[in-house]
Each structure stands twice: as C-alpha cells, then as structure tokens.
Amino acid sequence: NDFKIRFTKCDDNEEKKEIEDSEWQIAKHKAIKSNDNNCQYSVDIEDIFVYDTNYKFDVTTKIKDPIRMTIASNVMNLKTYSREEQITLQIHSHRGHYSGYDVSNLVNSQNTGSYASPYNSDFGTNENDWIIFSYNKLCLPKRIVITSVNHQQSPKTIRVFIGNGNEWHLFNPQIMNVAKNTDEQSFTIAGV
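I will try to describe carefully the structure that is included in this document. Keep in mind that this is a model prediction, so the values were computed, not measured.

Here we take up the overall build of the protein chain. Helices and strands together make up the secondary structure of the protein chain, namely 0 helices and 15 strands. Compactness check: the protein chain gives a C-alpha radius of gyration of 23 Å against a globular reference of 16 Å for 192 residues, more than 25% above the reference. C-alpha extents for the protein chain along the principal axes are approximately 75 × 35 × 35 Å. Classification of the 192 residues of the protein chain by burial places 19% in the buried group. Sequence-distant contacts, at least 24 apart, represent 50% of the contacts inside the protein chain between residues at least 6 apart. Carbon together with sulfur atoms contributes 47% to the accessible area of the protein chain, which is approximately 14,300 Å² in total. Between the averaged position of the 21 positive side-chain charges in the protein chain and that of its 25 negative side-chain charges there is a distance of 2 Å.

Have a look at this one:
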C-alpha cells in the first residue's frame, strides 16, 4: 500500500483547531511493517522531534480496488516528553592518549584516574583529538558533563556528534568552550 504519514506541531491550546493542508509535513520513514493479521502496522519515523512539544499525526493510504480512493486515519495527538538520566558509556575508539592517562579512565566506575591527549607536537596541522563513545540505550543526548583540570593538555573546546559510525551529525552549540578548572561543567546540546 501507498502510505503517507503527516505531522504538524501544535500548541496545547490548539489541540482542537482545524489544520490547514499547508501546515502538515510529510514524515520521512522506513518501510511500514505489518505486525499481524489484524491490520496493525508499525513504522520508524526518521524525522527529529523536539522534546516537550505537542504533535498531531495522521496516516493516509491510496487504494485502487474496488475503486480508486484515499483513506485517511483519525488525527492523533502525541506529546514528546524529556526525561534526563545518566547513561553508561563505553569507549569505542580514540585517537590516542599520553602515557598512563588512558581514555578508559573516563568511564571507570570508581571515577579515578585521568585522561590526557597526546602532546600537541604529536598532532598534524588542523588535526584534533577525538574519542568515540558508544552506548546501548536508545536515547537522544541532551547534556554533556565534563570535568577538566588546569593543564596544557586539557581540552580548550569540544564538539559533540551523534552517529552510527558511517554518518555523523553535529550537535549545537557546535563548539563548546571548556574552562580550565576542576569544577564539573555542564553543556546543553540539541539540534542535530
């Protein structure tokens, strides 16, 4: 079947408002799967939705037999909720480290040890240090927390990307300035 999924943002006080055709967006999605013989379907939508926002969705399909027509679903109201929780990270890979200041110290449960990147002289022109973390939970990161020290090998700026190993998307703010102190620094990230 030729399914089309549409969505639009709406304010809390607009839930009963009629929606103009120009307000709808067509959702990007993978193949719609049939879950069983009772006409139940599921789909993974690839669009990015904002937390704490109301959305309206509908689905249409075109049929040809016994007559050509478009069938539309009811409009469904959904709200995305944000809930922050700490996620456990694993080290996937990294550019390198200095001496015993291994990158694994960033994720050990005892919160001991430090990470230090290689000396600046070990980097080529415009080359940056990098660490790829992985995690097993389906989530969208909203905040990154870093603790630094006052040292020449401490990061001055950081950038955070999310991806699958082949395709990467940069979070905003695109560059975060890290203070050289031992206080925990928190950065809100969004907008991939």
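Now that the structure has been shown, the text picks up again.
The final tally for this structure, using the stated rule, is 3 salt bridges. Arg-6 serves as the salt-bridge partner of Asp-58, at 2.7 Å between the closest nitrogen and oxygen. Placement of Asp-58 in strand β5 (residues 53–63) and of Arg-6 in strand β1 (residues 2–10) is noted, with a sequence separation of 52 residues between them. The same class applies to Asp-58 as to Arg-6, namely buried. Note that Glu-127 is salt-bridged to Arg-95, the shortest N-O span being 2.9 Å.

A few words on the packing of aromatic side chains. Taken as a whole, this structure holds 8 aromatic pairs when the rule is applied. On the numbers, 6.0 Å between centres and 10° between planes, the contact of Tyr-98 with Tyr-101 is stacked. Relative accessible area serves as the criterion here: at 27%, Tyr-98 is assigned to the partly exposed category. Residue classification places Tyr-101 among the partly exposed positions, given a relative accessible area of 39%. Its end group placed over the ring of Trp-24, Arg-6 keeps NZ or CZ at 4.3 Å from the ring centre. In this structure, Arg-95 is placed above the aromatic ring of Phe-123, and the distance from its NZ or CZ to the ring centre is 3.9 Å.

This next bit is on the nonpolar core. Counting 8 residues, the largest nonpolar core is built from Ile-146, Ile-158, Val-160, Phe-171, Met-176, Val-178, Phe-187 and Ile-189. Ignoring anything within four residues of it in the chain, the contact list for Phe-187 reads Lys-142, Arg-143, Ile-144, Ile-146, Ile-158, Met-176, Asn-177 and Val-178. In this structure, Phe-7, Ala-27, Tyr-55 and Phe-57 belong to the second largest nonpolar core, which totals 5 residues.

A separate point is the layout of surface pockets. Unfilled space is identified by rolling a water-sized probe across the atoms. Here the second largest pocket defines a volume of roughly 250 Å³. Ile-5, Val-43, Asp-58, Val-59 and Ser-73 are, among the 14 residues lining the second largest pocket, the residues nearest its centre. Looking at the lining of the second largest pocket, the elements that each hand over two or more residues are β1, β4 (41–42), β5 and β7 (76–80). By residue number, the principal contributor to the lining of the second largest pocket is β5, which donates 3 residues.

Conventions and cut-offs
- Residues numbered from 1 in each chain as written.
- Predicted model: local features only at pLDDT ≥ 70, side-chain atom pairs only at ≥ 80, totals over all residues.
- Heavy atoms only, no water.
- Helix = DSSP H or I, 4+ residues; strand = E, 2+ residues; numbered from the N terminus.
- Rg over C-alpha atoms; globule rule 2.2 N^0.38 Å.
- Buried < 20%, exposed > 50% of the residue type's maximum accessible area, 1.4 Å probe, protein only.
- Contact = heavy atoms within 4.5 Å.
- Areas by Shrake-Rupley, 256 points an atom, 1.4 Å probe, with all protein chains shown as cover.
- Lys, Arg positive; Asp, Glu negative; His and termini not counted.
- Charge placed at Lys NZ, Arg CZ, Asp CG, Glu CD.
- Salt bridge = Lys/Arg side-chain N within 4 Å of Asp/Glu carboxyl O.
- Phe/Tyr/Trp six-rings, centres within 6.5 Å; stacked < 30°, edge-to-face > 60°.
- Lys NZ or Arg CZ within 6 Å of the ring centre and 35° of its normal.
- Core = buried A, V, L, I, M, F, W, Y, C linked by side-chain atoms within 4.5 Å.
- 1 Å grid on protein atoms, 1.4 Å probe; cavity = no way out; pocket = protein on both sides within 12 Å on 5 of 7 lines; lining within 4 Å.
- Points joined across faces, edges and corners; volume = space filled by probe spheres on them.

Interpretation note: all reported values are geometric properties and have no functional meaning in isolation.
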